[in-house]
Amino acid sequence: MAEPYQRISPFLWFDDKAEEAAKLYVSIFPNSKIHGTTHYPKEMSSPSGRPAGSVMTVSFSLDGQLVTAINGGPMFKFTEALSLVVMCQDQKEIDHFWSKLGEGGDPNAQVCGWLKDKYGLSWQIVPKNVAEIAGSSKAMEVMMKMKKLDMAALNKALAS
């Protein structure tokens, strides 16, 4: 089976939880699956510091978008400088993604629709009209006081 092609896709560096994270993410998003897993060969175990036969990369799709995760070791960590944005159709979707991705994450990193998952990866869980919200000082003022976004409150601020 040929791996799907996407010109630009995220490549996520994990210490040693790439496969676990990929399985979690695939379980949360519709239209998602794992495409393949590679393992560290014996020849690379010494230079990489990873055990021979352990998972090296996992290729997967999240709602049709190709992502690759690598177990590269502890030298690089996720930061808020990069986040994955999840555009939501309604409050039910916001609630779903917020609860599933936020489970086990850092509650202190939850602000204005942003959260960190238990692996340290930052996500933005936002309504599909986030650009309209960003263009309204009243709606932005309301949003800045939120952790998980409340679409009813944001839409009310937009209408006022």
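The paragraphs below set out a description of the structure included in this document. (Residues numbered from 1 in each chain as written. Predicted model: local features only at pLDDT ≥ 70, side-chain atom pairs only at ≥ 80, totals over all residues. Heavy atoms only, no water.)

## Concerning the nonpolar core
As a reminder of what qualifies: In plain words, nonpolar cores are sets of buried Ala, Val, Leu, Ile, Met, Phe, Trp, Tyr and Cys residues tied together by side-chain atoms within 4.5 Å. Per-residue accessibility, obtained with a 1.4 Å probe over protein chains only, is compared with the maximum for each type, and a residue is labelled buried under 20%, exposed over 50%, and partly exposed between these values. Each helix corresponds to a stretch of at least 4 residues labelled H or I by DSSP, and each strand to a stretch of at least 2 residues labelled E; elements are numbered beginning at the N terminus.
Within the largest apolar cluster, 29 residues are counted, with the highest numbers of intra-cluster contacts made by Phe-14, Tyr-25, Phe-60, Leu-101, Trp-123 and Ile-125. Secondary-structure elements contributing two or more residues to this core are strand S1 (11-14), helix H1 (18-28), strand S3 (55-62), strand S4 (65-71), strand S5 (83-88), helix H3 (91-102) and strand S7 (122-127). The element contributing the most residues to this core is H1, with six residues. Counting residues in each nonpolar core, the second largest holds nine residues, with Cys-112, Ile-133, Met-146 and Leu-149 among its members.

## Observations concerning H3
Selection rule: For a helix, the expected span equals 1.5 Å multiplied by the residue count minus one. Note that the arc is computed from the directions linking the helix axis to the C-beta atoms. Residue contacts follow a heavy-atom distance rule, with two residues in contact if any of their heavy atoms lie within 4.5 Å. Pairs of N or O atoms are called polar contacts if they sit within 3.5 Å, as long as, within protein, a hydrogen donor faces a hydrogen acceptor (for residues adjacent in sequence, only side-chain-to-side-chain pairs).
The terminal C-alpha atoms of H3, which comprises 12 residues, lie 16 Å apart, in line with the 16 Å expected from a rise of 1.5 Å per residue. Among all positions of H3, only Ile-94, Phe-97, Trp-98, Leu-101 and Gly-102 are buried. All buried residues of H3 fall inside an arc of 105° around its axis, so they share one side. In the core, the buried residues of H3 are packed alongside H1, S5, strand S6 (114-116), S7 and helix H6 (151-159). At the N-terminal end of H3, a side-chain oxygen is found 3.3 Å from the backbone nitrogen of Lys-92, two or three residues along, and the residue is Asp-90.

These values are about where atoms sit, not about what they do.
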